[in-house]
Amino acid sequence: MSLGLEDTKARKSGNFKILNLGEMALTRLDSRCLYTLLICMAFGSTLSSNAEINVNAPQDFEIVDPGYLGYLYLQWQRPLSLDNFKECTVEYELKYRNIDSENWKTIITKNLCYKDGFDLNKGVEAKIRTLLPGQCTNGSEVQSSWAEVTYWTSLQGNLGTKIQDMDCIYYNWQDLLCSWKSGMGVHFDTNYNLFYWYEGLHHALQCADYIKVNGKNIGCRFPYLESSDYKDFYICVNGSSESEPIRPSYFIFQLQNIVKPLPPDYLSLIVKSSEDISLKWNMPRGPIPAKCFIYEIKFTEDDTTWVTTTVENEIYIARTSNESKRLCFLVRSKVNIYCSDDGIWSEWSDEQCWNGDILKKASLFFLIPFALISLLVSLVTCLVLYNQKDLLKTAFQTKKEVFSHQETQC
C-alpha cells in the first residue's frame with residue numbers, strides 16, 4: 001500500500017512538472033508570436049502607407065536650342081500631383097548625355113531648368129524624375145517614373161560635305177586662329193562660314209576676318225575675345241552651295257587649353273666649373289603669367305642629347321665628361337597644368353652653344369702664326385737696323401777721311 005501511494009504521488013508530481021514546462025513554452029511562444037505580429041503590422045502599415053503615396057514625373061520636359069551652337073536648355077514643369085505636398089522640398093533627378101556616349105551625367109536639382117553644352121554633331125537624350133524626400137512620405141523617399149526626351153539638330157547634307165582637319169590655336173593667349181579644309185568632293189561653288197559663341201555674348205557671331213584662298217574661306221582670324229577664358233567656346237562651320245546642301249560641323253573647346261606661347265629667347269650657357277653648367281633664358285613675351293609656364297630643354301653634350309622639363313627659367317646641370325668639346329641647348333614653352341588642362345608646345349628657341357676646346361684650338365691656330373710672323377718681323381727689323389748701323393758707321397768713316405785729307409792740303 002505504501003509503495004502504491006508513493007508511486008501515485010510521484011506520477012502526480014511528474015505530471016505537474018510537465019504541465020509547468022508546457023505552460024512556460026506556450027507563454028514564450030505566445031510572446032514571440034505577439035512580437036513578430038506587432039513588427040509585421042507596423043511594417044505592413046508603413047508599406048501600405050507608402051503604397052498610397054504616388055508622385056508623377058515632371059510635366060512638359062523638353063530640350064530647347066536657343067541658337068548658341070550647342071549650349072542647350074533642359075527645362076520642365078512641376079508635376080500636378082504635388083499639390084498635396086506644397087510644404088515639401090521637391091527635387092528632380094536629371095540624367096543626360098550625347099546619344100553615343102556610354103556614361104550619363106547626373107544632376108540633382110530643385111530648379112525647373114538646367115543648361116549645359118552638347119556636341120550637336122550627335123543627338124542628345126535626357127530623362128528626369130521627381131523625388132519626394134522621406135520627411136514627406138513617412139521616412140521613405142518616393143520616386144516617380146522617368147520622363148524622357150531626345151533632340152537632334154537639323155543635319156542636312158552628306159557627311160562628305162563637312163569641313164576637314166579643323167585646327168584652332170590661341171597664339172600667345174592673345175590671337176585665336178582657326179583653319180580647315182573643304183569637304184571631300186564638294187562642288188566648286190561651295191564656301192564655308194564660321195559662327196562662334198561663348199557665355200557673355202548675347203548671340204552667336206559670324207567671323208569678320210576670313211582667311212581666303214582663291215576666294216574661298218579656309219580659316220578665320222578672331223578679334224579680341226573679352227572674358228572668354230575658362231569657358232566653353234562653341235563653333236559651328238556651315239556652308240552653302242547651289243548644287244547640294246552642306247553638312248554643318250560643331251566644335252567645343254576652352255581657349256586656355258589650345259594656347260601656343262612664343263618660344264623663350266635670350267638664352268645663355270655658362271660653364272661655371274669643370275662640371276657645373278648654368279642654362280638660363282628669358283620668359284616668353286606676352287600676357288601669360290610666369291607661373292603658368294613649363295619649359296622643355298633639349299641639351300646636347302657632344303653626340304649625346306637628352307630632354308628635361310622645369311617650371312623655372314633657369315636650370316643647373318652637370319657635365320658627363322670634363323673633356324666635352326661642345327655643349328648646346330634649346331628651349332620651348334607650354335602652359336602648365338596649373339593654368340590649363342592641356343596646351344600646345346611653342347616652337348624651339350634658337351640654339352645656344354659653348355665650344356670650349358674649339359676656341360682653344362682656334363686660339364692656338366691664330367696665335368702660332370701670329371707669333372711666327374711677329375718673330376719674323378722682329379728679325380727683319382733687327383737686320384735692317386743692324387745694316388743701317390753699318391752704313392752709318394761707314395759713312396761716318398768716309399766723311400772723317402775726307403775731312404782729314406782737306407786739312408792736309410791746307
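One structure accompanies this document, and this report is about it. (Residues numbered from 1 in each chain as written. Predicted model: local features only at pLDDT ≥ 70, side-chain atom pairs only at ≥ 80, totals over all residues. Heavy atoms only, no water.)

**What about the pattern of salt bridges?**
- Here the structure, examined in full by the defined rule, presents 12 salt bridges.
- For the salt bridge of E93 with K95, the shortest nitrogen-to-oxygen distance reads 3.9 Å. Of the two residues examined, E93 and K95, each falls in the buried class.
- When the shortest N-O distance is used, the salt bridge between R285 and D265 registers 2.5 Å. You can see R285 sitting in the loop between strand 19 (276-282) and strand 20 (293-301) and its partner D265 sitting in strand 18 (residues 265-271), a full 20 residues away along the chain.
- Taken together, the shared-partner salt bridges in this structure form one network comprising E93, K95 and R129. (Salt bridge = Lys/Arg side-chain N within 4 Å of Asp/Glu carboxyl O. Buried < 20%, exposed > 50% of the residue type's maximum accessible area, 1.4 Å probe, protein only. Helix = DSSP H or I, 4+ residues; strand = E, 2+ residues; numbered from the N terminus.)

**A few points about the nonpolar core**
- By size, the foremost hydrophobic cluster in this structure holds 76 residues, and its most contacted members are L176, L194, F222, F233, I235 and L279.
- Setting aside chain neighbours within four positions, we find F233 in contact with L176, Y196, W197, Y198, F222, L225, F251, I252, F253 and L255. (Core = buried A, V, L, I, M, F, W, Y, C linked by side-chain atoms within 4.5 Å. Contact = heavy atoms within 4.5 Å.)

**Some points on the sheet that holds strand 2 (residues 71-77)**
- Taken together, the 3 strands give an open sheet; going across it, the order is 1-2-5, and neighbouring strands pair in antiparallel fashion. A strand with exactly one partner marks an edge of an open sheet, and here the two such strands are strand 1 (59-64) and strand 5 (113-117). Pairwise comparison of adjacent strand axes, ignoring direction, gives a mean angle of 10 degrees for this sheet. (Pairing = 2+ DSSP bridges. Axes fitted to C-alpha atoms, helices over the stretch in contact; angles between N-to-C directions.)

**A short note on the environment of V142**
- With respect to the helices, strands and loops of the structure, V142 is situated in strand 7 (residues 142-143).
- Linking V142 and L131, residues 11 residues apart in sequence, is a C-alpha distance of 5.9 Å.

**Points about the packing of aromatic side chains**
- If you walk through the whole model with that rule in mind, you get 19 aromatic pairs.
- Taking the centre distance of 5.9 Å and the plane angle of 40 degrees together, the rings of Y96 and Y114 count as tilted. Here Y96, found in strand 3 (residues 91-98), pairs with Y114, found in strand 5; they are 18 residues apart in sequence, far enough to count as distant.
- A relative accessible area of 3% means that Y96 is categorised as buried.
- Centroid distance F222 to F233: 6.0 Å. Interplanar angle 70 degrees. Geometry classified as edge-to-face. Taken together, the positions of F222 in the loop between strand 14 (216-221) and strand 15 (233-240) and F233 in strand 15 put the pair 11 residues apart, joining distant regions of the chain.
- Residue F233 is classed as buried on the basis of its relative accessible area, which comes to 0%.
- Chaining the aromatic ring pairs together yields one cluster made of Y68, Y71, Y73, W197 and Y234. (Phe/Tyr/Trp six-rings, centres within 6.5 Å; stacked < 30°, edge-to-face > 60°.)

**What about the pairing of strand 20?**
- Within strand 20, 7 of the 9 residues are buried, which leaves it mostly tucked inside the rest of the structure.
- Bridging between strand 20 and strand 23 (residues 327-335) involves 9 bridges; their strand directions are antiparallel. Bridge pairing links I294 to K334 in strand 23.
- Examined bridge by bridge, strand 20 and strand 21 (residues 304-310) share 7 bridges and lie antiparallel to one another. Across the sheet, the residue bridging to E301 is T304, located in strand 21.
- Joining the antiparallel neighbours strand 20 and strand 21 is a turn of 2 residues, in which D302 adopts a positive phi near 55 degrees.

**Structural notes on the sheet that holds strand 20**
- Here we have 4 strands laid out as an open sheet, ordered 21-20-23-24, and antiparallel in their pairing. Only two strands of the sheet have a single neighbouring strand rather than two, namely strand 21 and strand 24 (352-354). If you compare each strand with its neighbour and ignore which way they point, the axes differ by 20 degrees on average.

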